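# Structure assessment
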Amino acid sequence: MTNTVHADSLNARIAHEKSAARMNENNVKKLEKTATFFAQATVADFLSTLNVDADFANKSALTNERFDVYSIDSMCSILQFALNAISIDSLKTNVAEVIQTAIKLNDAELSFTQDDAVIALDKSVKIADKAKSAFYVRRKTHFDSAKRHAQMTINAMLALRALESTAKNTYKLADNELVTRLKERFAAL
């Protein structure tokens with residue numbers, strides 16, 4: 001029998017949000033879409049293999065609120081891409097740029113920071129560390145919400161155990177099946 005604790009966590013979150021009537025309908029739909037995807041046997045097994053916190057959707061390391069719905073949506077997108085359920089064209093643009101930058105910096109044995117994620121998402125941000133400049137996969141335009149979207153993607157990657165914190169706002173890629181699959185998918189592009 002498949003372990004659906006991650007989907008169950010999302011369903012508990014959905015019930016909470018509906019009863020509290022605080023979340024808009026579009027965000028509830030994002031949670032429902034993710035719960036449906038996480039309930040699939042291969043996805044549920046993969047989440048268990050990665051040792052993703054069973055109740056991730058109802059926790060937040062940053063605030064007293066529950067885990068950010070956009071980070072949850074990014075988790076779904078990352079897993080769909082890693083498990084070949086969607087193409088690169090369907091992977092969220094902001095997510096793709098951050099992950100590809102993290103992979104390239106990691107492969108070059110350079111640190112990956114919150115600032116690196118922001119640089120990947122906003123072409124107007126100056127690159128302070130010139131040694132990293134060749135490793136960024138960047139948006140072609142200015143992006144007002146780069147810092148927020150960078151944080152959401154990092155939160156998603158941390159929750160999926162794709163990133164490990166090495167210092168404040170500094171990370172390295174984990175050595176696990178998700179990272180291996182992401183590297184393979186991006187290398188095949």
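Below you will find a few notes about this structure. From a predicted model like this one, the values you see are computed outputs, not experimental measurements.

### Brief notes about the nonpolar core
- Core analysis: the biggest nonpolar cluster contains 58 residues, and Phe-38, Phe-56, Met-75, Ile-78, Leu-79, Phe-112 and Leu-178 have the highest contact counts within it.
- The element best represented in this core is helix α4 (residues 69-82), accounting for eight residues.
- If near-sequence neighbours (up to four positions away) are discounted, Leu-178 is found in contact with Phe-46, Leu-50, Ile-78, Leu-79, Ala-82, Leu-160 and Ala-162.

### A word on the pattern of salt bridges
- Overall, the coordinates contain twelve salt bridges when judged by the stated rule.
- For Lys-29, the salt bridge is made with Glu-25, and the minimal N-O distance between the two is 3.2 Å. Of the two residues, Lys-29 and Glu-25 are both situated in helix α2 (residues 25-38); the distance of four residues between them amounts to about one turn of the helix.
- On the basis of relative accessibility, which here comes to 45%, the residue Lys-29 falls in the partly exposed class.
- Taking the relative accessible area as the measure of exposure, Glu-25 reaches 57% and is therefore exposed.
- With its nearest N and O atoms 3.1 Å apart, the salt bridge here joins Lys-59 to Asp-53.
- Among the residues examined, Asp-53 registers a relative accessible area of 30% and is labelled partly exposed.

### Quick look at the pairing of strand β2 (residues 163-167)
- Where β2 meets strand β3 (residues 170-173), four bridges bridge the pair, whose relative direction is antiparallel. Counterpart to Ala-167 in the pairing with β3 is Thr-170.
- Here β2 folds back onto β3 in antiparallel fashion, the turn holding two residues, of which Asn-169 has a positive phi close to 60 degrees.

### Regarding the sheet that holds strand β1 (residues 112-113)
- Here we have three strands laid out as an open sheet, ordered β1-β3-β2, and antiparallel in their pairing. Lying at the two open borders of the sheet, with one neighbouring strand each, are β1 and β2.

### What about the environment of Ser-77?
- With respect to the helices, strands and loops of the structure, Ser-77 is situated in helix α4.
- A residue is classified by how much of its surface remains accessible, and Ser-77, at 4% relative accessible area, is buried.
- Taking the C-alpha atoms as reference points, Ser-77 and Lys-92, separated by 15 residues in sequence, lie 6.7 Å from one another.
- Non-local contacts of Ser-77, meaning those with residues more than four positions away in its chain, are made with Ile-86, Ser-90, Leu-91 and Lys-92.

### With respect to the side chain of Arg-139
- Note that Arg-139 resides in the loop between α6 (114-121) and α7 (146-159).
- A polar contact of 2.8 Å, which involves the side chain of Arg-139, links it to the side chain of Asn-94.
- From its side chain, Arg-139 meets the backbone oxygen of Leu-121 in a polar contact 3.4 Å long.
- In this structure Arg-139 touches Asn-94, Glu-97, Ala-120, Leu-121, Asp-122 and Lys-123, once residues within four positions along its chain are discounted.

### Concerning the packing of aromatic side chains
- On inspection of all chains with the given rule, the structure shows five aromatic pairs.
- Note on Phe-56 and Phe-67: the rings are 6.2 Å apart at their centroids and 85 degrees apart in plane angle, and the pair reads as edge-to-face. Of the two residues, Phe-56 is situated in the loop between α3 (41-49) and α4 and Phe-67 in the loop between α3 and α4; the sequence distance between them amounts to eleven residues.
- Ring geometry for Phe-112 and Tyr-171: centres 6.5 Å apart, planes at 50 degrees, overall tilted. Taken together, the residues span a long stretch of sequence, with Phe-112 in strand β1 and Tyr-171 in strand β3 at a distance of 59 residues.
- Three or more aromatic residues joined by ring pairs make a cluster, and in this case those are Phe-37, Phe-38, Phe-56 and Phe-67.

### What about helix α8 (residues 177-187)?
- All of the buried residues along α8 are Leu-178, Val-179, Leu-182, Arg-185 and Phe-186. Down the axis of α8, the smallest arc covering the buried residues is 125 degrees, so these residues share one side. The outward face of α8, more than 90 degrees from its buried face, is lined by the exposed residues Glu-184 and Ala-187.
- Here the buried face of α8 lies against α3, α4, α5 (93-107) and β3.
- Two or three places before Leu-178, at the start of α8, stands the capping residue Asn-176, its side-chain oxygen 3.1 Å from that residue's backbone nitrogen.

About the thresholds
Residues numbered from 1 in each chain as written. Predicted model: local features only at pLDDT ≥ 70, side-chain atom pairs only at ≥ 80, totals over all residues. Heavy atoms only, no water. Core = buried A, V, L, I, M, F, W, Y, C linked by side-chain atoms within 4.5 Å. Buried < 20%, exposed > 50% of the residue type's maximum accessible area, 1.4 Å probe, protein only. Helix = DSSP H or I, 4+ residues; strand = E, 2+ residues; numbered from the N terminus. Contact = heavy atoms within 4.5 Å. Salt bridge = Lys/Arg side-chain N within 4 Å of Asp/Glu carboxyl O. Pairing = 2+ DSSP bridges. Polar contact = N/O pair within 3.5 Å; in protein donor to acceptor, adjacent residues only side chain to side chain. Phe/Tyr/Trp six-rings, centres within 6.5 Å; stacked < 30°, edge-to-face > 60°. Arc of directions from axis to C-beta.

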